[in-house]
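Residues per chain, in single letters:
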Amino acid sequence: MMELNEKAISGMKHHLDACRKYLTALEQGYRSPEKRNTLLDAAMQQVELCCIDMRLLCEKARANRVYPLVENGKYNHKTIYGEVNILDNGWVDIRMNALLPHCKVVGGTQYVTDTIIRLLEEFRKEGGELPRYEKAYLAIVQHAPQDCSGAFDQDNKGYKGVINALKGRLFGDDNQFELALGLFTFVDDDPHCHIYVTPYDEAGDFHYQLSSFML
């Protein structure tokens, strides 16, 4: 376990060192807007990859902890990245406490996939049952401030990370015969995103509820 920890910590330090180099380059100034964006994306990728490695290490440490923190007879740790709910009509609602990253940021997309998979697995461990759709409608609804610094254009948003996490879990594949996709955004000072999965033939009902602010 000690050797494994040292290897994991070394990898995380490598990501943070790389991030520091990109930030140092940004500090020097005299960069074009395109170069600044490239450096920011590269720095963010390293931080998010470090976060994924940190999650893995924390889970391994939890599993080997002899005296875990206990509250009401259960191990208590705070999940800060989202939650999964099954709505009264059977639709799946995954709340993620972040906006979709730019699709060019590879680490950001991996982070989204990792987050959603963990949320779904935690939901199952707690006794939740996930539906499986022969053909599904996936709607990603972002709540973002007007001046958010994320990806503005729909085709630049890393929604593929969401699909990769759900494929094989809520629907078989993401081909055009098994999955339909919708991307929506509402102005909100609390940046987060809801990921809804419904049967394909209930997409009309979903759009009605969304446009009527019933969700």
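The coordinates are above.
How each quantity is defined
Residues numbered from 1 in each chain as written. Predicted model: local features only at pLDDT ≥ 70, side-chain atom pairs only at ≥ 80, totals over all residues. Heavy atoms only, no water. Salt bridge = Lys/Arg side-chain N within 4 Å of Asp/Glu carboxyl O. Helix = DSSP H or I, 4+ residues; strand = E, 2+ residues; numbered from the N terminus. Buried < 20%, exposed > 50% of the residue type's maximum accessible area, 1.4 Å probe, protein only. Pairing = 2+ DSSP bridges. Axes fitted to C-alpha atoms, helices over the stretch in contact; angles between N-to-C directions. Contact = heavy atoms within 4.5 Å. Core = buried A, V, L, I, M, F, W, Y, C linked by side-chain atoms within 4.5 Å.

We now examine the pattern of salt bridges. By the definition in use, this model includes five salt bridges. The shortest N-O distance in the salt bridge between R118 and D114 comes to 2.7 Å. On the criterion of helical spacing, the pair formed by R118 and D114 is a turn pair, its members being four residues apart in helix α3 (residues 106-125). Take R118: its relative accessible area is 10%, and that puts it in the buried class. Two residues, K167 and D174, come together in a salt bridge whose shortest N-O distance is 3.8 Å.

Before going further, it helps to spend a moment on the sheet that holds strand β3 (residues 82-86). Picture the strands of a sheet paired through backbone hydrogen bonds; they go either parallel or antiparallel. One open sheet holds the five strands; their spatial order is β3-β4-β7-β5-β6, and the pairing between them is mixed. The sheet terminates laterally at β3 and β6 (179-187), the two strands that pair on one side only. With direction set aside, neighbouring strand axes in the sheet form an average angle of 15 degrees. As paired elements, β3 and strand β4 (residues 92-96) share five bridges and run antiparallel to each other. In the strand pairing of β4, N85 is matched with D93. In the packing of helix α5 (residues 203-211) onto the sheet, the strands contacted are β5 (136-144), β6 and β7 (192-199), and the crossing angle to β5 comes to about 15 degrees.

What follows concerns the nonpolar core. Within soluble globular proteins, side chains that are nonpolar tend to cluster in buried spots. I94, I116, L138, V162 and L166 are the most contacted members of the largest nonpolar core, which has 25 residues in total. Those elements that place two or more of their residues in this core are β4, α3, β5, α4 (160-166) and β7. When residues no more than four places from it in sequence are discounted, the contact partners of I116 are I94, M96, V162, A165, L166 and I195. One finds W91, Y137, Y196 and A203 within the second-largest nonpolar core, a separate group that totals nine residues.

Another point: unusual backbone geometry. Positive phi values are uncommon outside glycine, yet F213 reaches one of about 55 degrees. Note that F213 resides in the segment after α5. Looking at F213, the relative accessible area reads 67%, which means it is exposed.

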